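Understanding the architecture of this molecule
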Amino acid sequence: NYTDVDDKIINAAIKENKTEKELTTYYISEFEKALKGIGSMVPNITPKVTEYIDKIISYIENLVALDAAYVVDGDVYFRVSKIKDYGSLSGINVEDLKIGARIEENSVKESPLDFALWKKTDKGINWDSPWGKGRPGWHTECCVMIDTIFDKKEIDIHGGGYDLKFPHHENEIAQAEATNGNKIARFWMHNAFINFGNEKMSKSLGNVVYADEMINKIGGPATRMVILSAHYRQPVNFTDVTVQAATSEISKISFAYKQASLKLQVARIDLKLGKPKYIEPFLLALADDLNTANALMELYNLVKLMNNEIRNLNGDLNLLNDYFKSLCDMLYVLGLDISYKTLSEEDLKLYDEYLISKANKDFEKSDRVRNELIKKGIL
């Protein structure tokens, strides 16, 4: 889901003399380009906050009716004291929070832990509501979209950076508990950040690298490989060493993949008949808290077995086909966009011609045919 309204967006739109929609439409488009460039699927539902304002207002009205929220001069706050296990996701102790919280002078909130559901404002984009003009608070947006889109008012997996665990995700859970008696999600996955040169990417440090820059520089598959090489809860380090290692591994996988497909197609083996017999350890690794690093080790082991079978002049082509199908499925699951060329009958005849000319030691002809095969991307 896309947050297409918040203070930062409003301030940026004013600064750039654009509407909030112009600004967010551009960045959503750039994000989705990067998503495709790195080999990720674009979700089939991508709701935006501005499309759900009426639902958000109704959701907040219900929280007020349940006495889980209260109104103060056009602002609406969630009453955290209504949630007995507030802080259970992050393990934060509420009493410690109260002691450590900075209580603003003349604060209108009942408790420093209470958070805004609706903010009174006439700055930037705003909407009419029962409490006056304003816009929704960030913590309510996901709740309303989930509440509206999913019949069970709950999702299986909720993701986000580990910096969102508190207070953002705790506040989402609090609203879901008050509204539906659930915790909004069954599983929570919090990812670590991306580092460059072992330092957190930060504008203040001047080490910001944009996704499209990295994808254009080393390619989508290699960029994705760097990320997959670390467990999602561990920082991802983009360094010369990790980038070179990822580029090298992609090259090795791609070479084995293409060589296997070539050998099988030249032997007139139907690639569709291969069976993914060797994918189980790979899937078990992913089933263990999405351990992509261990899953990649299984993929590398398979590539070694495949290379041995490719080099074996008297190898088992059916075995090679099963290896090929297993690798094909692994690449699909990991989103690594590595392809092979499907050979036409004309391509196969040309390759046969190359092998015959080599066997006959007609090197002039074999070199000429080889160059044709290279131009076609077959060799």
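To be clear, the structure that these remarks concern was listed above.
First things first, this report covers the structure right here in the doc.

What counts and how
- Residues numbered from 1 in each chain as written.
- Predicted model: local features only at pLDDT ≥ 70, side-chain atom pairs only at ≥ 80, totals over all residues.
- Heavy atoms only, no water.
- Pairing = 2+ DSSP bridges.
- Helix = DSSP H or I, 4+ residues; strand = E, 2+ residues; numbered from the N terminus.
- Buried < 20%, exposed > 50% of the residue type's maximum accessible area, 1.4 Å probe, protein only.
- Arc of directions from axis to C-beta.
- Contact = heavy atoms within 4.5 Å.
- Salt bridge = Lys/Arg side-chain N within 4 Å of Asp/Glu carboxyl O.
- Phe/Tyr/Trp six-rings, centres within 6.5 Å; stacked < 30°, edge-to-face > 60°.
- Lys NZ or Arg CZ within 6 Å of the ring centre and 35° of its normal.
- Axes fitted to C-alpha atoms, helices over the stretch in contact; angles between N-to-C directions.
- Core = buried A, V, L, I, M, F, W, Y, C linked by side-chain atoms within 4.5 Å.
- Parallel < 35°, antiparallel > 145°, perpendicular 65-115°, else oblique.
- Left-handed = near helix turned anticlockwise from the far one by under 90°.
- Nonpolar A, V, L, I, M, F, W, Y, C, P; charged D, E, K, R; others polar.

Strand order in the open sheet formed by three strands is β8-β7-β9, and the pairing between neighbours is mixed. Bordering the open sheet on either side are β8 (199–200) and β9 (236–238), each of which pairs with just one other strand. In terms of strand pairing, strand β7 (residues 194–196) meets β8 through two bridges, oriented antiparallel. Considered in β8, the bridge of N195 is made with K200.

Buried within helix α10 (residues 280–287) are the following residues: F282, A285 and L286. Take α10 and look down its axis: the buried residues cluster within an arc of 95°, on one side only. The exposed set on the far side of α10, more than 90 degrees from its buried face, consists of L284 and A287. The inward-facing, buried residues of α10 contact α11 (292–311) and α12 (317–334). Looking one or two residues past α10, D289 carries a phi angle of roughly 55°, positive in sign.

Here the focus is the pattern of salt bridges. Where side chains of opposite charge bring their charged atoms close, a pairing between them can arise. Taken as a whole and judged by the stated rule, the model has 22 salt bridges. With its nearest N and O atoms 3.8 Å apart, the salt bridge here joins K119 to D7. Separated by 112 residues along the polypeptide, K119 in strand β3 (residues 115–120) and D7 in helix α1 (residues 7–15) bring together distant segments of the chain. For K119, a relative accessible area of 31% gives the class partly exposed. Since its relative accessible area comes to 41%, D7 is described here as partly exposed. The salt bridge partner of K183 is D85, with a shortest N-O separation of 2.4 Å.

Evaluation of the coordinates by the stated rule reveals 13 aromatic pairs. Between Y26 and Y27, the ring centres sit 5.0 Å apart and the planes meet at 75°, which makes this aromatic pair edge-to-face. With centroids separated by 6.4 Å and ring planes inclined at 70°, the aromatic side chains of Y86 and F166 adopt a geometry described as edge-to-face. Of this pair, Y86 sits in the loop between β2 (75–78) and α4 (94–100) while F166 sits in helix α6 (residues 165–180), placing them 80 residues apart in sequence. Taking relative accessible area as the criterion, F166 reaches 26% and is therefore assigned partly exposed. Here the aromatic residues Y257, F324 and Y340 are joined through ring pairs into a cluster of three or more. Across the ring face of Y232, the terminal group of R233 is positioned such that the distance to the ring centre comes to 5.8 Å.

Bringing the sheet that holds strand β4 (residues 134–136) into the picture now. The strand order β1-β2-β3-β4 describes an open sheet built from four strands, whose pairing is antiparallel. Edge positions in the open sheet fall to β1 (69–72) and β4, since each of these has one partner strand only. The mean inter-strand angle of the sheet, taken between neighbouring strand axes irrespective of direction, is 20°. In this structure, β1 lies alongside β2, joined through four bridges in antiparallel fashion. Bridging across to β2, Y70 finds its partner in Y77. Lying over the sheet, helix α3 (residues 53–65) contacts β1, β2, β3 and β4, oriented at roughly 125° with respect to β3.

Glancing now at the nonpolar core. Of all hydrophobic cores here, the largest spans 40 residues; its most connected members are M225, I253, L299, M306, L327, L331 and L334. Those elements that provide at least two residues to this core are α7 (211–218), α8 (220–228), β9, α9 (240–266), α10, α11 and α12. The residues touching L327, leaving out its near neighbours within four places in the chain, are I253, Y257, L299, L302, V303 and M306. One finds I10, I56, L97 and I155 within the second-largest nonpolar core, a separate group that totals 36 residues.

Moving on, we get to the packing of α11 against α12. Their axes nearest at 10 Å, the elements α11 and α12 cross at an angle of 150°. Judged by the angle between their axes, α11 and α12 are roughly antiparallel. Our pair here, α11 against α12, has a crossing hand that is left-handed. In contact with L296, E298, L299, L302, V303, L305, M306, E309 and I310 of α11, α12 contributes L319, L320, Y323, F324, S326, L327, M330, L331 and L334. Taken together, the residues of the contact of α11 with α12 break down into 15 nonpolar, one polar and two charged.

So far we have only geometry, and geometry alone does not tell us how the molecule works.
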